[in-house]
Structure formats: C-alpha cells, structure tokens
Amino acid sequence: MSQGRVWKYGDDVNTDVIYAGKYTYQQLPPEEMAKHAFEDLDPEFARNVKPGDVVVAGKNFGCGSSREQAAACLRSAGVRAVVAKSFSRIYFRNAINLGLAVLQSEDAPDALKTGDPVEVDFAGGRILSGGRVFHFFPLPASVLGIVEAGGLIEYTKKRLADKSRG
Amino acid sequence: MGRTFSEKVLSRKAGRPLRAGEVATVSPDFYLSHDNSSAIIGEFKKLGLSRVAARDKVVIVLDHIVPAADERYAANHKTIREFIAAQGIRHFYDIQNGVCHQVFSEASFALPGTVIMGSDSHTTTYGAFGAFSAGIGRTEMASIWATDEIWLRVPETLRVEFSGTFPPGVSAKDVILKVIGDHGADRANYEAVEFAGPSARHFSLASRMVLCNMAAEMGAKNGYFEPDEKTFAWLKARAKNDFTVVTSDPGAAYEAVLSYDISTIEPQVACPHTVDNVKPVTAVAGTKIHQALIGTCTNGRLEDMEVAARILKGRNIHPGVRTLILPASREVYLDALKAGLIEIFVDAGCVILNPGCGPCLGAHEGILAPGEVVVSTSNRNFKGRMGSATSEIFLASPATVAASALEGRITDPRTFL
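Residues numbered from 1 in each chain as written. Chains lettered and ligands numbered in written order. Predicted model: local features only at pLDDT ≥ 70, side-chain atom pairs only at ≥ 80, totals over all residues.

With that out of the way, let us pick up helix α9 (residues 152-165) of chain A. Residue and element names in this part refer to chain A. With 14 residues, α9 extends 20 Å between its outermost C-alpha atoms, agreeing within 8% with the 20 Å of an ideal straight helix rising 1.5 Å per residue. Of the positions making up α9, those classed as buried are Leu 152, Ile 153 and Thr 156. Projected down its long axis, α9 carries its buried residues within an arc of 95 degrees, all on one side. Exposed and oriented more than 90 degrees from the buried face of α9 are Ala 161, Asp 162 and Arg 165. (Helix = DSSP H or I, 4+ residues; strand = E, 2+ residues; numbered from the N terminus. Expected span 1.5 Å × (residues − 1). Buried ≥ 20, exposed ≤ 12 C-beta atoms within 10 Å, placed from the backbone. Arc of directions from axis to C-beta.)

Next up on the list: the interface of chain A and chain B. Opposite the 33 residues of chain A that make contact, chain B presents 43 residues. Breaking the side of chain A that touches chain B down by element, the ones donating at least two residues are α1 (15-18), α2 (21-24), α6 (89-98) and α9 of chain A. The class makeup of the residues in the side of chain A that touches chain B is nine nonpolar, 14 polar and ten charged. (Contact = placed C-beta atoms within 7 Å. Nonpolar A, V, L, I, M, F, W, Y, C, P; charged D, E, K, R; others polar.)

On to the sheet that holds strand β8 (residues 157-163) of chain B. All names here are of chain B. Here four strands make up an open sheet; going across it, the order is β10-β9-β8-β11 and the pairing parallel. With partners counted over all chains shown, the strands left at the sheet margins are β10 (222-225) and β11 (256-261), one partner each. When strand polarity is set aside, the average angle formed by the axes of neighbouring strands in this sheet is 20 degrees. Sheet topology places strand β9 (residues 192-196) next to β10; four bridges connect them, and they run parallel. Across the sheet, the residue bridging to Glu 194 is Tyr 224, located in β10. (Pairing = 2+ DSSP bridges. Axes fitted to C-alpha atoms, helices over the stretch in contact; angles between N-to-C directions.)

Looking now at the domain arrangement of chain B. Residues and elements named next belong to chain B. We note that the domain assignment places domain 1 (8-13 + 23-260) and domain 2 (268-416) within chain B. Domain 1 and domain 2 are separated by 24 Å when their C-alpha centres are compared. Listed per partner, the contact involves 32 residues of domain 1 and 34 residues of domain 2. Among the secondary structure elements, those contributing two or more residues to the side of domain 1 that touches domain 2 are α4 (100-106), α6 (172-183) and α7 (205-215). For the side of domain 1 that touches domain 2, the leading source of residues is α6, giving six residues. For the side of domain 1 that touches domain 2, the per-class residue count stands at twelve nonpolar, 14 polar and six charged. (Domains from an automatic or database assignment.)

Looking now at unusual backbone geometry. All names here are of chain B. At the junction of Val 66 and Pro 67, the peptide bond is cis and its omega measures out at -15 degrees in the coordinates. Residue placement: Pro 67 occurs in the loop between β3 (58-61) and α3 (71-87). Following Pro 272, the chain continues into His 273 via a peptide bond in cis, with omega recorded as -5 degrees. Tracing the sequence through the fold places His 273 in the loop between β12 (268-270) and β13 (278-280). Positioned with a positive phi, Tyr 190 is a non-glycine residue whose angle comes to about 70 degrees. With respect to the helices, strands and loops of the structure, Tyr 190 is situated in the loop between α6 and β9.

Right, let's get into the environment of Arg 47 of chain A. Residue and element names in this part refer to chain A. Following the sequence through the fold, Arg 47 ends up in helix α4 (residues 43-48). Residue classification places Arg 47 among the exposed positions, given that 8 C-beta atoms sit within 10 Å. Once the C-alpha coordinates of Arg 47 and Ala 77 are considered, the two residues, 30 residues apart in sequence, prove to be 10.0 Å apart.

Turning to the pairing of strand β6 (residues 132-135) of chain B, a few remarks are in order. Residue and element names in this part refer to chain B. Here β6 shows two buried faces, one formed by Phe 132 and Ala 134 and the other by Ser 133 and Gly 135. Note: strand β5 (residues 115-118) against β6, four bridges, orientation parallel. Counterpart to Val 115 in the pairing with β6 is Phe 132.

Here we come to the sheet that holds β5 of chain B. Residue and element names in this part refer to chain B. Here we have five strands laid out as an open sheet, ordered β4-β3-β2-β5-β6, and parallel in their pairing. The open sheet is flanked by β4 (91-93) and β6, the only strands paired with a single partner. Here the strands of the sheet are splayed against their neighbours by 15 degrees on average, with no regard to which way each runs. Relative to β3, strand β2 (residues 30-33) is paired through three bridges, and the arrangement is parallel. The residue of β3 that forms the bridge with Ser 33 is Ile 60.

In structure tokens, the structure reads:
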C-alpha cells in the first residue's frame, strides 16, 4: 500500500470545478488534463498533487455534467481514490468505467483533513490515516466485474469475445 | 403491489419483472451524443470493431461549440463527420440545428415508454414525453455503440405532486428552482423523479421539458411526466414510430411524495455557486448584472421567447447589459422569427446567437470577465462555468431575466405585468 496525502473538499463538488467546460471538447492528452484538475476550486492541487494522494469530500461528489474527464483528470494526476459520503450517479459510473476508485465512506470524510497521511486498503475495505481506521462500503456486485476487468473498455472487449465464442 | 413507471419500462425491456434496486441489462431504443462523439469514437476504436452494433439507434447532434470556435473544435467536428459517413449513421444533425435535447425531441426520437441513453447529463429531458432517459459518460456510450446494451439499476422513485395554477409572472423554471432549493442538489441522487398531481396537466410540453431537464440538478437518473392529451397532440404531428405508453400503477411504491401548490410559488432565483442556493427574486432584486442570457436547452423554446418578448417589446435593454438570445433549435428560431419575436429582441438591443449550447458551458459566445455577473435561464451556476472563476451566475426564468436585462439589476418580473 502506497501512502499519500489527503486533499479535502466539501459537499457538492461539481464537474465544472473538477474539469472546466472550456477544456472538455479539446481532447487534451492525459498529462495536460491533470494540469487543469480542480483549476477553479483549488489551484494548489494540480501543482502539488502526488501519485498515491487521495481526494476526500462530502456528499454528492461529481454532480453536474456527464463529462468523463472529471474522473480521467484525477486518475491522470495519480489520485489513488476519491473518498466521499456520496457520489453523483454519472460520476460514479464514469469513475468505475475508467478505473478510478470511488469509495463511499460515512466516517472518513468528516475526520480527514488536507495534508493528513492516508492509505487505502482495498482488500480490507479500510482507509488508514495516522493510526486511525475508517471504512468504506464495498462496491456493488453489478460493477465489480468492470473494476476487475480494469475498466469498461476491457470489460466490453471480454464480453464481445465471449459472445463471438458463443 | 403496483409498480412505478421506471420499474415497468425497464421490466418490459429486460423481459422479466423488476423492482427498484435490481440491476438489468437492456437494449436502449436510441442513444444520443454530441460534440463528445469524437471522444466516444476514440474509445470505440479501442474495442477493435469495424461497425457500431445498431447504427440506426445512434443519434448525433453537433451543438456544444458550434460553429467551431477554433481549430481544435473544428478538428473534433471533422472526426465526427468522417465517422458518421464511414459508418452510414443516418440520424446526424450538423451545426445548424440546435441543442441536442431540443433537436432530439422535435425529431421525435423521444417517445413514451422508450429507453434512451445520452452522453449528456441533461438527457433526463425526455421524461417530458414519457420516456425513460438517463445521462451516461463517453466510455459507456462507446460500449453501447459496440454492444447495443447497458446495465442499469432500476431507480427508486421520488414523486412530486402539483396542485393549483400558475400565478402571473411564475413559470416552470420557478417551480423546479423552488423544489431544488427546498430539497437540495442531491435529493434525488440515483432516483427517478415523477412529476404528477392534479396540476401536472397544466404544464405545457415545453414546461415539462424544463422540469425533467433540471431533474438532473437534483441528481436524478431520469424525470417523468405521464403522457396525456398534450403529449399525444405533440406526437401526432411528429412521431414516426409506434410506441406503447407506460405509466405508474396506482399503489406503486414511492421513496417519498412531495407536494407543491403552484399558486403559492413566487419567482425564484438560484444564486452562486450551486443550483440549490435558491431565493425568491425579492431577496436578490437589485443585484447589478453585466449580462443576461435567455435560451438554452432549459428555457430556449417558443413559450420562453414569447414571455421574454412580451416584457422587452418597445423597450431598450439597460446600456450596461449584454443580452443574449439563444433559441434552443432552428425550429424555435424560425417560429420566433415568423411570430415577430426576433424583431422585438433586436429592436430592444439583444444579440441573437445561433441555436446551440452557446455560452452555457463557458466555451464561447459570451464568456464572463472576472467579477462579472450574469442572470441566465440555463440550468447550472457552478463557479467559473461561464467564464472567470470570479464571475457569478444567477439562474432564473425567462421573465425574470428579461425584466433584469431592462433594469440592469435582478428584477421581479411581476413589475412588468
């Protein structure tokens, strides 16, 4: 488990502040997308985020647009997981489809602060921070197959291959 | 026990009885995408297929940055046009047509009892016609193009019942802002929202589209109005395919039922920077504005243009305000032109934009400078959405925006009635 730091935000973090509309239709490469992550919310994020860091937020994370780059830009920035009290449904699906871990937790969001050390124990369903232990809800069975395949594209490839084998 | 609309329509599609919470794989009737089709094409190509599975279900409307604002957007559009030609996709609407949700509705792809997936969050709009329609992302759309299938969790349903009649100066936008303000931007997360009650029939189709469009701002998966004589009148002239009306059973199980007496609702404004930060217009009247936007997929239909024109007719826009008119589609634009509304707008000092998404998503055609304030009929007021991170967006009805454009400040439209 690699240790990272917490980036803490509030409720209703929307897709426009995660990844602005003006970049959405420009087809930027992943490393460019990472540079614009949270641009209008926290300019420090893109400058200082490190692989293994974890974004922690309140309820309704990712509300707003269906733009997938709002998940892709965090993955490109090396974010290990987003931990929130709840996620908007399109964001949740997009993140799963792209292989960005989205973890729903009741207790971690209130307790964790920006800069706290954090690591995620995926197998154990735990979030660890400086001796404190928090829990996240396991992913629904319906999406586990997608996660296990490494995202929707790989999952769909597998399904298409299974189908053609009949 | 009875079933909700969403339970019934997905049961029909899946071929087995489903309840809320269950997951089913279904084949949608149509799938919509827009300028993000080039990203979908990129994902689709990774799948190694030469053909989309059901090309006649693919509907593509170029609307987000039209005409292309720079070379990058132009290249994006070119990729899409080439793919459409190569795949033989018939349902393609190029830049002259308008916002995807309006174009899709006018072309009558949105039919009662159908399942529609769109790679745009406001795909919820087609619930206005009794369809089950939800937004998805690009990778998900690429997978649908490849397989003609998607897995869906059957949503629980929140029912919102309306009684009473619209007071003067109050419209559908005020009603939905009131509901969102009272209950929050995540009240209906993962849920269906069914708009019902004795006054549901008072909502025009255009107004039903406003509510279903903004159900997305409550987090909803889909919105729904039960089809009635208004729906059938709209479809009569347009529907090209047969359809089966699906309605909620009496005694269906709802997550909750909210009740609103429309007669008591005042004009509402969503204040920066969240859609649920809603106040009566009287609480924010006097706020200075720099720009006014009337239109978009939320409020860019003929009835919206008519309301705005009634207020603007024979008057002049405040000299400190840029007022942008953004018809939702070419059809709306033509109707407004024939009705003399465009002349009223131009006379008053408005700028007429081409039908499309315009400045709503902050990519072109009216971007805000630092510190500027816009009052807009669109559906989102997130920080920085229409330009500078220090600009502010207030959301309101066409009547409120038109009145505010005349005064240079947020203004109660009832003063112009």
